[in-house]
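Residue-level listing of the chains:
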Amino acid sequence: MDRLRSVLGDDAVVDDPDVLDSHRNDHAKFCTAGMPRALVRPSSTAEVVEVVRAAGELGVPIVTQGARTGLSGAANAIDGCLLLSTTRMTQILEVSAEDQVAVVQPGVVNAQLSRAVLEQGLFYPPDPSSWEQSTIGGNIATNAGGLCCVKYGVTADFVRGLEVVLASGEVVRTGRRSAKGVAGYDLTRLIVGSEGTLGVVTEATLALRPAPEAALTAAATFLSIEDGIAAAAAVMASGLRPSLLEFLDQPTLRAIQDYRDMGLPEDVGSMLLAQSDRGLRAADDVARIAEICTAHGAVDVAEASDAEESRMLLEARRLVNSALEPLGTTLIDDVAVPRSQLVTLLRGIAEIGAKYDVLICCPGHVGDGNMHPTVVFDPADAAAEARALEAFGAVMQLGLRLGGTITGEHGIGTLKARWLETELGPIGLDLHRRIKAAFDPGNLFNPGKVLL
Ligand SMILES: Cc1cc2nc3c(=O)[nH]c(=O)nc-3n(C[C@H](O)[C@H](O)[C@H](O)COP(=O)(O)OP(=O)(O)OC[C@H]3O[C@@H](n4cnc5c(N)ncnc54)[C@H](O)[C@@H]3O)c2cc1C
């Protein structure tokens, strides 16, 4: 502690038990969290190096934390660890219109970057629903997705290069600033999604795009879940490239309405939210989406009449996690399947809900085949909790059987660590262990996360 204080300054090294207690968890329910020894808030790469060297010499594990909005327990404390918070590394170091890149420190909040680049007519597409809180470092470490990823891709598609502090205290720069480059293994892509287990990201060079044109949003309602899902699959198969295609089932719509009155219909089976951001061509796109939805049984397709109504519809979608929380404890699945399997997935989830007698709400980024079946249960009822856990696992098994993955964007953390081998297989898992050992032989970074 003395060594850290001498390097970082007293106010950047916190051991107040209340503060430590409030930093133990991310947003995932049901994940264990230990008691940290201290919380450090370095401001620069040089300070991160000092923290990593000190912790490495003493064998104190490091858990890097961004905004702790993670949904897999990956940012949870481990007993006796140092929490390394990036909340003081918040500089946007450069926005280059010519190269269409931004260079940022990891604690920059996603929406803050999006707004800053928009001022220069540029666009940083990855937009997790947590974008007003979550950090670029956290987005990179989880390879976050979001609403407009259906058209533009996920975080990994926008990370050109990284600066990373390794367990040895060395600083490595991966990737490059140029649009192309294939020298060596793709270490950038390896770090992306590694959930803080391979190093601390201290700087990122991110690709930008020209700002999109004006967008039009529409909401289609269906009597059943199947109709909504089939319509979404048909929209994607039609060759259209909506900039957003989101699904809400009836229990989710009701939960949002109860949480905040947003004028959503509560007596329908499901709703699709679709958007086109192609300016003058958006009206044609939305008309075609409406035709496809109607052909698949939509009872109503309403276009947002202005930008404010569009914003409200998106806001409703972004509220899902908060809206489901008052219903009970939530276990959020994150399965992604090929879109051709979506109807089978949703039918299977309904069967799982009935079998285990639990409520499973089913919002999702349907255009990506990435659903968030959320098992909701009463935490005071031990039997319900046991059934909820069974249902949570059964949904993952179903996703795998349908050719998908147990996590499309939230990551493994501790929540899904015991299912990882089922997806990777023993050889894949062993290769992961060897990669981890090559980066971090002393298991300094986030031990017990991702790999048990
Ligand atoms: C309301 C809500 C909505 C959400 N919506 C979405 C969504 O639409 N799409 C989506 O993908 N996720 C979503 N999430 C999950 C979460 O917001 C993302 O996983 C996000 O990327 C986490 O960012 P964070 O800054 O909060 O990171 P944290 O939760 O603090 O950390 C997440 C992981 O990143 C590691 N990490 C953080 N910073 C660094 C760094 N600098 N170097 C190395 N490792 C680091 C941590 O160790 C941990 O493993 C949502 C969460 C909430 C609460």
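Position numbers for residues start from 1 in each chain and track the written sequence from start to end. Side-chain atom pairs in this predicted model are given and counted only at pLDDT of 80 or more, local residue features only at pLDDT of at least 70, and totals for whole chains, interfaces and linings cover all residues. Hydrogens are left out, water is left out, and the side-chain values use all remaining heavy atoms of the structure.

### As for the packing of helix 8 (residues 225–237) against helix 10 (residues 282–295)
In a pair of packed helices, the angle between the axes and the distance between the axes together describe the arrangement.
In step 1: A fitted line through C-alpha atoms represents every axis, and for helices the fit uses only the stretch in contact; the resulting angles, taken between N-to-C directions, go from 0 to 180 degrees. Working definition: helices are DSSP H or I runs of at least four residues, strands are E runs of at least two. Numbering for both runs from the N terminus. Put simply, helix 8 and helix 10 touch, their axes get as near as 9 Å, and they point 140° apart. With respect to each other, helix 8 and helix 10 are oriented oblique. Note that helix 8 runs across helix 10; the crossing there is right-handed. Two secondary-structure elements touch here, helix 8 through Ala231, Ala234 and Val235 and helix 10 through Ile289, Ile292 and Cys293.
In step 2: Ten residue types, Ala, Val, Leu, Ile, Met, Phe, Trp, Tyr, Cys and Pro, are classed as nonpolar, four, Asp, Glu, Lys and Arg, as charged, and the remainder, Gly among them, as polar. Grouping the constituent residues of the contact of helix 8 with helix 10 by class yields 6 nonpolar, no polar and no charged. By the definition adopted for this analysis, an angle is roughly parallel if under 35 degrees, roughly antiparallel if over 145, roughly perpendicular if from 65 to 115, and oblique otherwise. Left-handed is the label given to a crossing in which the near helix is rotated counterclockwise from the far helix by less than a right angle, and right-handed is the label when the rotation is clockwise. Residues count as neighbours in contact if any of their non-hydrogen atoms are within 4.5 Å of one another.

### A word on the pairing of strand 3 (residues 62–65)
In step 1: Alternating positions in strand 3 separate into two faces, Ile62 and Thr64 on one and Val63 and Gln65 on the other, with burial throughout.
In step 2: Taken together, the 4 bridges between strand 3 and strand 4 (residues 82–85) define a ladder with parallel strand orientation. Residue pairing in the sheet places Ile62 in a bridge with Leu82 of strand 4. For the exposure calls, accessible area comes from a 1.4 Å probe over protein chains only, and a residue counts as buried if that area is under 20% of its type's maximum, exposed if over 50%, partly exposed in between. Strands are labelled as partners when DSSP assigns at least two bridges between them.

### What to know about the site of the ligand
In step 1: The nearness test applies per residue and asks whether one of its heavy atoms lies within 4 Å of the molecule or strand. Around the ligand, a shell composed of 35 residues is seen, among which Thr64, Gly66, Thr69, Ser130 and Thr135 lie nearest.
In step 2: In the model, an oxygen atom of the ligand is placed 2.9 Å from a nitrogen or oxygen of the Ala67 main chain.
In step 3: The definition of a polar contact used here is a pair of N or O atoms within 3.5 Å, where within protein one atom must be able to donate a hydrogen and the other to accept one, and adjacent residues in sequence count solely through side-chain atom pairs. Within the backbone of Val201, a nitrogen or oxygen atom sits 2.9 Å from a nitrogen atom of the ligand.
In step 4: Expressed as a share of its isolated accessible area of 980 Å², the protein-covered part of the ligand is 97%.
In step 5: At the level of secondary structure, the elements contributing two or more residues to the shell around the ligand comprise strand 3, helix 5 (136–142) and strand 10 (200–207).
In step 6: Here the shell around the ligand is composed, by residue class, of 10 nonpolar, 22 polar and 3 charged.
In step 7: In this entry, domain limits derive from an automatic or database-based domain assignment. Domain assignment of the residues forming the shell around the ligand places at least three in each of domain 1 (2–85) and domain 2 (92–210). Shrake-Rupley sampling with a 1.4 Å probe provides the accessible areas, and residues are treated as covered by the protein chains on show and by no other component.

### With respect to the pairing of strand 8 (residues 159–165)
In step 1: Buried residues dominate strand 8, accounting for 7 of its 7 residues.
In step 2: Two strands pair when backbone bridges link them, and strand 8 and strand 10 are joined in this way by 6 bridges, in the antiparallel orientation. Bridge pairing links Gly161 to Thr205 in strand 10.
In step 3: Sheet topology note: the strand 8/strand 9 (residues 171–175) ladder contains 5 bridges and is antiparallel. Across the sheet, residue Gly161 finds its bridge partner in strand 9, namely Gly175.
In step 4: Taken together, strand 8 and the strand that follows it, strand 9, pair antiparallel across an intervening segment of 5 residues, in which Gly169 is found at a positive phi of about 90°.

### A few points about the pattern of salt bridges
In step 1: Criterion for a salt bridge: a side-chain nitrogen of Lys or Arg within 4 Å of a carboxyl oxygen of Asp or Glu. As enumerated under the stated definition, the model contains 22 salt bridges in all.
In step 2: The partner of Asp99 in a salt bridge is Arg177, with the nearest N and O atoms 2.9 Å apart. Here the residue Asp99 occupies a position in the loop between strand 5 (92–96) and strand 6 (101–104), and Arg177 occupies one in the loop between strand 9 and helix 7 (187–191), the gap between them amounting to 78 residues.
In step 3: Taking the relative accessible area as the measure of exposure, Arg177 reaches 32% and is therefore partly exposed.

### Comments concerning the UniProt feature "domain: FAD-binding PCMH-type" (unreviewed entry) in the protein chain
In step 1: UniProt positions are given in the numbering used here, feature names are shortened, and annotations may be inferred rather than shown by experiment. Within this structure's numbering, the places UniProt gives as "domain: FAD-binding PCMH-type" (unreviewed entry) are residues 32–211.
In step 2: Taken end to end, residues 32–211 comprises 22% helix and 24% strand; its first and last C-alpha atoms sit 41 Å apart.

### Re a nonpolar patch on the surface
In step 1: Residues enter a patch when their relative accessible area is above 30% and they make no salt bridge; the linking distance is 9 Å between like charges and 5 Å between nonpolar side chains (Val, Leu, Ile, Met, Phe, Trp, Tyr). A cluster of nonpolar residues, Tyr185, Leu187 and Leu190, forms a patch on the protein surface that exposes about 330 Å² of accessible area.
In step 2: Within the fold, Leu187 resides in helix 7.
In step 3: In this structure Leu187 comes out as partly exposed when scored by relative accessible area, which is 35%.

### Quick notes on the domain arrangement of the protein chain
In step 1: One can read the domain layout of the protein chain as domain 1 (2–85), domain 2 (92–210), domain 3 (216–322) and domain 4 (328–401).
In step 2: Taking only C-alpha atoms into account, the centre of domain 1 sits 22 Å from that of domain 2.
In step 3: With 14 residues of domain 1 at the contact, the number on the domain 2 side is 15 residues.
In step 4: As a working definition, buried area equals the accessible area (1.4 Å probe) given up by two parts on being put together, with both sides summed. Between domain 1 and domain 2, roughly 1,000 Å² of surface is buried when both sides are summed, and carbon and sulfur atoms account for 64% of that area.
In step 5: If you sort the residues of domain 1 by the area they bury against domain 2, Thr45, Val52 and Thr69 come out on top, with a joint share of 37%.
In step 6: Across the contact surface, domain 1 and domain 2 share 0 salt bridges.

### Some points on the layout of surface pockets
In step 1: Cavities and pockets were defined on a 1 Å grid built from protein atoms only: a cavity is a group of points that admits a 1.4 Å probe but offers it no way out, a pocket is an open group of points flanked by protein on both sides within 12 Å along at least five of seven lines, and a lining residue is one with an atom within 4 Å of any such point. Grid points are joined across faces, edges and corners, and a volume is the space filled by probe spheres set on the points. Of the pockets and cavities examined, the second largest pocket occupies roughly 740 Å³.
In step 2: Lining the second largest pocket are 28 residues, and of these Val192, Gly193, Ser194, Glu195 and His432 lie nearest its centre.
In step 3: Element by element, the count of residues in the lining of the second largest pocket is highest for helix 15 (residues 420–439), at 6 residues.
In step 4: Tallied by class, residues from the lining of the second largest pocket come to 12 nonpolar, 11 polar and 5 charged.

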